[in-house]
Each structure stands twice: as C-alpha cells, then as structure tokens.
Amino acid sequence: MSRPVGFGTHKVGLFNSVGAPGVGMEFSDAGSPPARPDMASESALSPLTLMRRAHRNQLVLCDAIEDIADRLPGNADPIQCLRIAGMLVPLLRGIHRYEEDVIFRSFESLSPDAESSARSIQRLRAEHVEDECLADEITEALLAIGHGDQIRNPEALGYMMRTFFETTRRHVAFEREHILPLLAQAAKSTSAA
Ligand SMILES: [Fe+2]
C-alpha cells in the first residue's frame, strides 16, 4: 500500500564522509535546495539521538522508494526520482559509517553477551554492504527515470526497490530492538551519575 511522501516536513539528517555527526537537511515540496546545515547544533547531539534520527531518515527514504515503486512503470514523478537519487547513496553510506565506527563499538562494549553481539554486528555490517549495492543500482534507475528514459524492465526494478525497502525496514527494526535500548540505558546511567 503506497503512501504519498512529501519532504516538506521531514528533516533528513546526514552524516559526513568521516562518519562524524553531519548536517540536517530539509527539503521543500517544491524541490528547493536543502536548508543551510546547522553543524554546531547537530554535532552536539548524542549518539542515541543521532541513531534515532538516522533510523527515521532511512524509513522516510523507504516510504519514498515504495511510493515510486507503486507508481511504476509510467507514473513515477521524475523530480522525486532525481531528488531520491541524489541523496540515497550518500545518506546510507554516511549512516552506515557512523554506525560501524561509533554505534557498533558502543553496542559491543555495552552488551552482556559478547558472542551474540559480535554475531549481530557481523550480520548488520553485511546488510550494510548489500543495501549499499542495491542503493547504487536503484540510484542509476532513478536517474534514468528522472531524465525521461524508458524503463526497460519495470517489474525487475519494482522488485529491486521492494527488496531494498523491506530489508532496510527489517534492519532498522532490528537495530531499534537490540541496539537502541542498550544505548538508552547507558545514557540514562551517565546522566544519573
Ligand atoms: Fe545499520
């Protein structure tokens, strides 16, 4: 079931290429450029807050890609396709690097079960790689649609998009269930100390 996706009210937080907390981007429905990044305020956010934001942003992207998939082959909005094409890979890569460099290390040190957390991290890292590969291919297709090219195999493209948003939603759900509670608990203990 598709839902209309507008970007007017969504903040899409990005992380920069070195994995540090990056910028918040706000997209207007008219497709205007992102608002000026507020680096100072975002760099002050905790890993827990950034992780929650990263999850929300990934789910917004999933909704947007689902919306495009539902409109294939002939009704996808070219401007929306170009907008998603421009942010999909950088957003995912930034989030994945931040998780791998910062969040997973915290998770490993906080987890009471080292073996299980190591297994989870290995799996999550592998999913990051798969998601980035899919995102590369989806980006190429979105650029083609955005530039008015004919979609040669809409069924295959729709399947690829659905695989992406379904696996990404499952990935986010797993991290929310298994990683965020430990980060939240640690943040609570730190603030109580
Ligand atoms: Fe992740």
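Residues numbered from 1 in each chain as written. Predicted model: local features only at pLDDT ≥ 70, side-chain atom pairs only at ≥ 80, totals over all residues.

Engineer: Sorry, what's going on with the packing of helix α2 (residues 47-71) against helix α5 (residues 154-178) here?
Structural biologist: Two quantities define a packed helix pair, namely the angle between the helix axes and the distance between the axes. Interhelical geometry of α2 versus α5 gives an angle of 160 degrees and a closest axis separation of 9 Å. Comparing their axes, α5 and α2 come out roughly antiparallel. For the crossing formed where α2 meets α5, the hand is left-handed. Side by side, α2 and α5 meet where His55, Gln58, Leu59, Cys62, Ile65, Glu66, Ile68 and Ala69 of the first sit next to Gly158, Met161, Arg162, Phe164, Phe165, Thr168, Arg169, Val172, Glu175 and Arg176 of the second. Residue classes in the contact of α2 with α5 are distributed as 9 nonpolar, 4 polar and 5 charged. (Axes fitted to C-alpha atoms, helices over the stretch in contact; angles between N-to-C directions. Helix = DSSP H or I, 4+ residues; strand = E, 2+ residues; numbered from the N terminus. Parallel < 35°, antiparallel > 145°, perpendicular 65-115°, else oblique. Left-handed = near helix turned anticlockwise from the far one by under 90°. Contact = placed C-beta atoms within 7 Å. Nonpolar A, V, L, I, M, F, W, Y, C, P; charged D, E, K, R; others polar.)

Engineer: Honestly, unusual backbone geometry in this entry has me stumped. Any pointers?
Structural biologist: In the segment running from leucine 72 into proline 73, the intervening peptide bond is cis, with an omega of 5 degrees. Looking at where proline 73 falls in the secondary structure, it is placed in the loop between α2 and α3 (78-110).

Engineer: Any chance you could explain the environment of proline 90 here in plain terms?
Structural biologist: Take proline 90: it is sitting in helix α3. The spacing of proline 90 and glutamate 132 is 42 residues in sequence and 9.5 Å in space, taken between C-alpha atoms.

Engineer: Could you clarify how one ought to interpret the environment of alanine 184 in this entry?
Structural biologist: Residue position: alanine 184 is located in helix α6 (residues 180-192). Assessed through the 13 C-beta atoms surrounding it within 10 Å, alanine 184 is described here as partly exposed. Sequence separation between alanine 184 and leucine 48 is 136 residues, and the spatial gap between their C-alpha atoms is 6.7 Å. (Buried ≥ 20, exposed ≤ 12 C-beta atoms within 10 Å, placed from the backbone.)

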